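# Reading the structure
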Amino acid sequence: MKISLWRKCSIAVLSVSMLNMGMMGAASAAIVDTSALIATDREADLVAIRTQLARADVRAQMEQMGVDAAAVEQRVARLNNHELHQLATDMRNAPAGGDALALIGAVFVVLLILELTGVIDIFKKR
Amino acid sequence: MAKRAALATACFAIFFCVLLSGCVARGPMISARSTELEQTPFFPQKRFQCGPAAMATVLVASGISTSAEALESSLYIPARRGSLQVEMLATPRGFSRLALPLPRNPASIIAELEAGRPVLVLHNYGLPFWPRWHYAVVVGYDPVDDVFVLRSGGKRRQLMRSRRFMIAWHYGGRWAMVVLRPGETAALDDAQSFLEAAAHFEKVASPADSHATFAAAVRRWPGEPVAYVGRGTAEYRLGNLPAAAHDYARALQLDSAQAGARNNLAQTLVDLRCPHRALAMFEGRDLDSLPAPLRDASIETLRGAQAAAAVTDDAAHCESFP
């Protein structure tokens, strides 16, 4: 029982420190990325934590949506903070370009509405 | 009674359609010249795979060797039966290319075509409340017939009346992007969005690609401090510290409040064995009021400079630095 508590604690500490490792910039020394000059968020600590959450969220949603597990890591790694936030909030509803064929469907629906409202008369037998 | 209700509905439907199409009324036509990028490759799409096909089209046109099939695993989302704009913009970065979203007007599409770059657009062929999204690539525009030329779906050369193009584009949120090589800037004069895209690119780009990108920005927009900071950081990563110092200093000249440029210049001066000069950069500056990443980096740089200054004088060559 004691060991398991100790384990839990060390896992917690390790995971927090790993999160922190991930947040460090890639550049050496204290050169800041040019993106730091453009980002306007003043609470960067908060942003970093939110980004970690967004990353986990996007990863989970992608797997749920049928993306191959092997590809998920690579796709998530490519995204910057802003993109991660966007996807995390909007992945289910954002426009997903897929096919041009549905145009016929749209025309059909419009015709059907016009038909039902009696404006046109092309579907009925004469 | 029922008939009257039906008539009212019909009137409303027609009124609604007219109203909607009114929103996208054609506007002033955009170019007198006819353009068509005939060399643009074509990747006929498989079912639901217009995202990878359109992306392959613009990437290959920009000199990358890839295919629609190769891009499927990084763009397609099975449950959505399509590809998302965010991932479309993120993909070129993995191929040493910059993705740039365009301003939401047709003039920007034409300008990019005239600069020789095909434009990836999102169309909506359904209705605003019943969308059917589709990615296509614009490769030409003909002002005489008023048609756009597209690589789209299974059609190598689809001609689309500009009115229809504009309606589908408008319902698609007027979203368009181009792929730029390192060293290219966009056709239209929009420094802010270019520098933003370049800053995202910097995080994954090689120092040489990053240098080419920001050097082009410096040439195009010599008054933009962020362009100099980007080029300076590329110089720093390439090991050209004196050149980096000069770029950061130029950025500070243009905007003395540019804390990122100040921090990077100070750090470069420390690396050049000029810690006293570096310390002078921070004199009278309130670091605590900076946004967090700049504050933390500046405090770290300041501490490093203090530690170095305590044990050594500035090297003789420091006179030549700003």
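If you're wondering where the values come from, they're calculated on a predicted model, not measured in any experiment. (Residues numbered from 1 in each chain as written. Chains lettered and ligands numbered in written order. Predicted model: local features only at pLDDT ≥ 70, side-chain atom pairs only at ≥ 80, totals over all residues. Heavy atoms only, no water.)

### Some thoughts on unusual backbone geometry
Residues and elements named next belong to chain B. A positive phi angle, close to 55°, is found at S96, a residue other than glycine. The residue S96 is located in the loop between α4 (85–90) and β3 (98–101) in this model. Positive phi, close to 55°, is recorded for D146, a residue that is not glycine. As for its placement among the helices and strands, D146 is situated in the loop between β5 (133–142) and β6 (147–152). (Helix = DSSP H or I, 4+ residues; strand = E, 2+ residues; numbered from the N terminus.)

### What about the packing of helix α4 (residues 69–77) of chain A against helix α3 (residues 68–75) of chain B?
With their axes 8 Å apart at the nearest point, α4 of chain A and α3 of chain B run at an angle of 80° to one another. Classified by the angle their axes make, α4 of chain A and α3 of chain B are roughly perpendicular. Between α4 of chain A and α3 of chain B, the residues in contact are A71, Q74 and R75 of chain A and E72, S73, S74 and L75 of chain B, respectively. Among the residues forming the contact of α4 of chain A with α3 of chain B, the class breakdown is 2 nonpolar, 3 polar and 2 charged. (Axes fitted to C-alpha atoms, helices over the stretch in contact; angles between N-to-C directions. Parallel < 35°, antiparallel > 145°, perpendicular 65-115°, else oblique. Contact = heavy atoms within 4.5 Å. Nonpolar A, V, L, I, M, F, W, Y, C, P; charged D, E, K, R; others polar.)

### A few points about the confidence of the model for chain A
Atom-level detail of predicted coordinates should not be read off regions where pLDDT is low. Summary statistics for chain A give a mean pLDDT of 74 and a share of 56% for residues scoring 70 or more. A low-confidence stretch, residues 16–27 of chain A (pLDDT under 50), is modelled with 5 contacts involving residues beyond four sequence positions or located in other chains. (pLDDT = per-residue confidence, 0-100.)

### Observations concerning the pattern of salt bridges
Residues and elements named next belong to chain B. Counted under the stated rule, the structure contains 15 salt bridges over all chains. The partner of R181 in a salt bridge is E184, with the nearest N and O atoms 3.9 Å apart. Taking the relative accessible area as the measure of exposure, R181 reaches 35% and is therefore partly exposed. Judged by relative accessible area, which is 24%, E184 ranks as partly exposed. With a closest N to O distance of 3.9 Å, E319 and R277 form a salt bridge. With E319 in the segment after α13 (292–311) and R277 in helix α12 (residues 275–282), this pair connects stretches of sequence that are 42 residues apart. What makes R277 partly exposed here is its relative accessible area of 23%. A network of salt bridges, in which partner residues are shared, links E112, R117, R181 and E184. (Salt bridge = Lys/Arg side-chain N within 4 Å of Asp/Glu carboxyl O. Buried < 20%, exposed > 50% of the residue type's maximum accessible area, 1.4 Å probe, protein only.)

### Concerning the packing of aromatic side chains
Residue and element names in this part refer to chain B. Evaluated as defined, the whole model comprises 5 aromatic pairs over all chains. Ring geometry for Y141 against F148: centres 4.9 Å apart, planes inclined by 50°, an arrangement best described as tilted. F148 shares its class with Y141; the two are buried. Both rings, one in F148 and one in F165, keep their centres 4.0 Å apart while their planes meet at 20°; by these two values the pair is stacked. In this pair, F148 sits in strand β6 while F165 sits in helix α6 (residues 162–171), placing the two residues 17 residues apart along the sequence. The ring of W130 carries the charged tip of R132 above its face, separated from the ring centre by 4.2 Å. Taking NZ or CZ as reference, R250 lies 5.6 Å from the ring centre of Y228, over its face. (Phe/Tyr/Trp six-rings, centres within 6.5 Å; stacked < 30°, edge-to-face > 60°. Lys NZ or Arg CZ within 6 Å of the ring centre and 35° of its normal.)

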